[in-house]
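What follows is the residue order along each chain.
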Amino acid sequence: MGKRGTAKERRSSDPADKPPAPVQEAFRLIASHRAIVADSVKSPVLIKKGIYRIEAVIEVPLPSRVRNKGISKTGVKAREPIILDFPKEYPFLSPTVRLRKDFNRSLPHINPGSPDSYVRPCIFEGDINELLHQENGIYGILDQLSDWLRKAAADQLIDPKQGWEPIRRDDFHGVLCFDADKLRGYVSRDEGFVTFLCGFRSIPAYFMGFVLENEISKHIIYKAKKVGVKTQDGITGGVTMGILSWPPAFNTDKTPLTTDAYLPETVMTLRDLLDRAKSYGNYKSLNERIQEIYLQIRQEKGDVPDGFMLVVILCARRPFNLIKEDSNLELIPYLIKCKRANGPLLNIDPDSPVYWLGHRHRLSTSLLRRMSGSRKSAVNAPIIQIGCGSVGSKIVLHLSRAGHGPFTLIDNKLLSPHNAARHALIDINEFTVFNNKAVELKKAISIYPEARASTAIQDNVIGVLNDQQKTKEVFPKGAALIIDSTASLAVREAFAATDRDRLPIPVMQTTLYSNGECGVCCIEGASRNPRIDDIVNKLFDSCIDDKELAGKLLTAEGGVTRQAIGQGCDSYTMVIPDTMVSIFSSAMAERARQLLEIGISPKGELSVGLLSDDHLGLSWKKYEVGETVILRGENRWEIRLLDNVVLEMAKEAVKCGSIETGGVMMGRLSAARKCLTITRLLPAPPDSIRSASAFVLGTEGLRDTVQRTQRACNNLFCYVGTWHTHPLGGGPSSRDYAVMQRMKEMRLGAPAICLVWTPIGFHCVMDSGDFRI
């Protein structure tokens, strides 16, 4: 390696040419770098306005077997001259690194350029401007260059573990959009081709095309009929033809045919393109197809004007997979601007110019999933979104952009001008206002592949759930998830009232509370047990112990108020900015994405998110909710015991062993659905009597305990009865029936139960009160 040296500056006689201070500092740093040959650094020279060049020589550690020769097998010298061109924006923008003009251009990681230009190596995987602003500054760039040259000398620029680097084309003349995976699917073991139609727009210096994927085949004649080009206001557009050509998989001696030589991009004419095809092994099919297409178009159109554009995609078989790809097939697109050859034959002039095209992935499910970090293998299934307002619309757009769908969008409400404050739709104007929300959202997601088959239903979901035939049509068994973003108690009750046989799809409910400072996700178990109402009941029951949460959830109507949206018109909504809606809805959409890709747990889930005091962040708490035990009471009443209640009963029974024990139950009544949900146990009063033959519930402090619990939850829950154990098993005793009979005679009006726990299950004695219908 070279010793640290001191460079002598050559001062310019013209003060205007004096390098700026940052360039002078870079000059000193370059001269002191460990890899730079002592006294090889030349003073900065102004080469064009604002750009200064510094030249130096860098030492390259050659492989030991060629060290005495001074040059490696790949043509890298032991001492390589380097050039760094500093832009006027330095030190904010990095210098451009260049190597000698005769440097080996067939090495990987070299930017394309003309044969008479300096070679520009690609020394950093990323933006070199970002490298400049890392810890080592200009030293970091020299370190990367030194390492790049070392690898180039050892022929190690391509690492098979990392993958084959596609031909670099930073200076292309247009782009071609196509689904690379789909086109690779046409490549066979034998040399071959397919033709396709290509839609395009082109300005004089730039081509923008996309492969029409439903027009890919080996047929040429019918495609030639569809070719058409029109120019208006300097923009040429229409439909042209293209060819995908590939080489055979094996040589004639049965050895694999792969192109392991890294060829720089030097194709400039049709002749060059055909020569490149020879090196890949598919010259014959490409040459014949180009001429055939050209002649067929002439026959169909009568003439082909000079400059007619024809797209070619060459396929090269590489020795290993491409970087970040699951295939070794490199697809390299070109654009031929055809010129007619001189002479009697109606062929293309081999000197017709050819332009490099950059590849852009077609908008596809695989692209969206790759860019979203989603599982490529995840199976798509329909998603039902109930409520297409500010939260629901954002969730749907997030999931569409992650490659999920199709959606069934259900909302019977119309867009109103005030929706523009928070709705995901940005095109709310005089043409979309008063259109249905679901219909407009369906239009917005139609650009996303999996969402194109979505449907919009302009009905109230409660009406759908109450109609058995509509339920089957709207909620297909193959659907993955129902997302309810209506924040409607009536909708939640309707879902709870629809049994699993009619509706087997789990429900995820997303709701905002407390003016957007709290968000809640409730997710049913995969088999809809626990059910959505069980999880919501557990949420509100937790407010009894969690005062912070109670402050968010138990405010008047959760922060929902009436807001004027016009003269004499109100909307029942929250007053919160779109930013707060977005921070919650994005988290909710992410949880939905995880469920769709990983699967829904057999257990339920309750997630509570609280906004930080500065409204810049969220903290989420997630709780697992176990299976609910379901019992049947008299007069078609349903009794539901939440998992925490069942566990606490069992724990108390084990603790008391052969002695009967018990206590008081709190819960929630739904008279409309005839459902009683037990959410919490209260300990037995201190004057209760426990024995091996009976449990007698005391009364000391019981009324105060029940009332205090009710106040803590804003009276959402109430006393629903008592429970006790039969450690040796057996159903309700005569004493149990006598107690319940006395309750009936008291005519309290509300349902109440006496629950008996046994080691093998529960027994229930119920008074349905005045709810006997």
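Residues numbered from 1 in each chain as written. Predicted model: local features only at pLDDT ≥ 70, side-chain atom pairs only at ≥ 80, totals over all residues. Heavy atoms only, no water.

### Topic: the layout of surface pockets
Link 1 in the chain: Quantified by volume, the second largest pocket comes out at close to 1,200 Å³.
Link 2 in the chain: In this structure, the second largest pocket is lined by 38 residues; those nearest its centre are Glu 165, Pro 166, Ile 167, Arg 168 and Ile 323.
Link 3 in the chain: Breaking the lining of the second largest pocket down by element, the ones donating at least two residues are helix H3 (138-153), helix H4 (180-184), strand E13 (329-338) and strand E15 (358-361).
Link 4 in the chain: For the lining of the second largest pocket, the class distribution of residues is 16 nonpolar, eight polar and 14 charged. (1 Å grid on protein atoms, 1.4 Å probe; cavity = no way out; pocket = protein on both sides within 12 Å on 5 of 7 lines; lining within 4 Å. Points joined across faces, edges and corners; volume = space filled by probe spheres on them. Helix = DSSP H or I, 4+ residues; strand = E, 2+ residues; numbered from the N terminus. Nonpolar A, V, L, I, M, F, W, Y, C, P; charged D, E, K, R; others polar.)

### Re the state of the cysteines
Link 1 in the chain: For the coordinates displayed, the defined rule picks out zero disulfides.
Link 2 in the chain: For Cys 388, which is in no disulfide, the shortest distance to another cysteine sulfur is to Cys 521 and amounts to 17 Å.
Link 3 in the chain: Judged by its relative accessible area of 0%, Cys 388 falls in the buried class.
Link 4 in the chain: With no disulfide partner, Cys 543 has as its closest neighbouring cysteine sulfur the one in Cys 713, 8.5 Å distant. (Disulfide = S-S within 2.5 Å. Buried < 20%, exposed > 50% of the residue type's maximum accessible area, 1.4 Å probe, protein only.)

### Some points on the sheet that holds strand E2 (residues 51-59)
Working definition: the strands of a sheet are paired by backbone hydrogen bonds and lie parallel or antiparallel to each other.
Link 1 in the chain: Read across the open sheet, the four strands follow the order E1-E2-E3-E4; overall the sheet is antiparallel. The sheet is open, and its two borders are formed by strand E1 (45-48) and strand E4 (96-99), each paired with just one other strand. Between one strand axis and the next, the sheet turns through 35° on average, direction left out of account.
Link 2 in the chain: Taken together, the eight bridges between E2 and strand E3 (residues 79-86) define a ladder with antiparallel strand orientation. Each residue of the ladder has a partner; that of Arg 53, found in E3, is Asp 85.
Link 3 in the chain: Against the sheet, helix H1 (residues 21-31) touches E2 and E3, its axis set at about 5° to E2. (Pairing = 2+ DSSP bridges. Axes fitted to C-alpha atoms, helices over the stretch in contact; angles between N-to-C directions. Contact = heavy atoms within 4.5 Å.)

### Examining the pairing of strand E27 (residues 638-641)
Link 1 in the chain: Judged by which residues are buried, E27 turns out to be covered on both faces: Glu 638 and Arg 640 on one side and Ile 639 and Leu 641 on the other are all buried.
Link 2 in the chain: Judged from the four bridges that link them, E27 and strand E29 (residues 675-683) form a sheet pairing that is parallel. Directly across from Ile 639, in E29, lies its bridge partner Leu 676.

### Some points on the nonpolar core
Link 1 in the chain: Judged by nonpolar contacts, the single largest core of 39 residues is most densely connected at Ile 30, Ile 82, Phe 86, Phe 103, Trp 148 and Leu 149.
Link 2 in the chain: At the level of secondary structure, the elements contributing two or more residues to this core comprise H1, E2, E3, E4, helix H2 (128-132) and H3.
Link 3 in the chain: At eight residues, H3 tops the list of elements feeding residues into this core.
Link 4 in the chain: In terms of nonpolar packing, the next biggest core, distinct from the first, is built from 38 residues, Ala 479, Val 507, Leu 539 and Leu 549 among them. (Core = buried A, V, L, I, M, F, W, Y, C linked by side-chain atoms within 4.5 Å.)

### Overview of the pairing of strand E9 (residues 206-217)
Link 1 in the chain: For strand E7 (residues 174-178) and E9, the ladder comprises four bridges, and the chain directions are parallel. Bridging across to E9, Val 175 finds its partner in Met 208.
Link 2 in the chain: The hairpin turn running from strand E8 (residues 192-203) into E9, its antiparallel successor, is two residues long.

### Quick look at unusual backbone geometry
Link 1 in the chain: Looking along the chain, the bond that leaves Tyr 90 and enters Pro 91 is cis, with omega of 20°.
Link 2 in the chain: One can find Pro 91 in the loop between E3 and E4.
Link 3 in the chain: The omega torsion of the bond from Gly 405 to Pro 406 falls at 0°, within 30 degrees of zero and hence cis.
Link 4 in the chain: Examined against the element boundaries, Pro 406 turns out to sit in the loop between helix H9 (390-401) and strand E17 (407-410).
Link 5 in the chain: At Lys 324, a position not held by glycine, the phi torsion is positive, near 60°.
Link 6 in the chain: Its place among the elements puts Lys 324 in the loop between strand E12 (308-317) and E13.

### Quick word on the side chain of Arg 317
Link 1 in the chain: Mapped onto the elements, Arg 317 comes out in strand E12.
Link 2 in the chain: One buried charged side chain, Arg 317, makes no salt bridge at all; its nearest oppositely charged neighbour is Asp 190, positioned 7.9 Å away.
Link 3 in the chain: For Arg 317, the side chain forms a polar contact with the main-chain oxygen of Ser 188, separated by 2.7 Å.
Link 4 in the chain: The residues touching Arg 317, leaving out its near neighbours within four places in the chain, are Val 187, Ser 188, Arg 189, Trp 246, Pro 247, Pro 248, Ala 249, Leu 257, Thr 258, Thr 259, Asn 328 and Leu 329. (Lys, Arg positive; Asp, Glu negative; His and termini not counted. Salt bridge = Lys/Arg side-chain N within 4 Å of Asp/Glu carboxyl O. Polar contact = N/O pair within 3.5 Å; in protein donor to acceptor, adjacent residues only side chain to side chain.)

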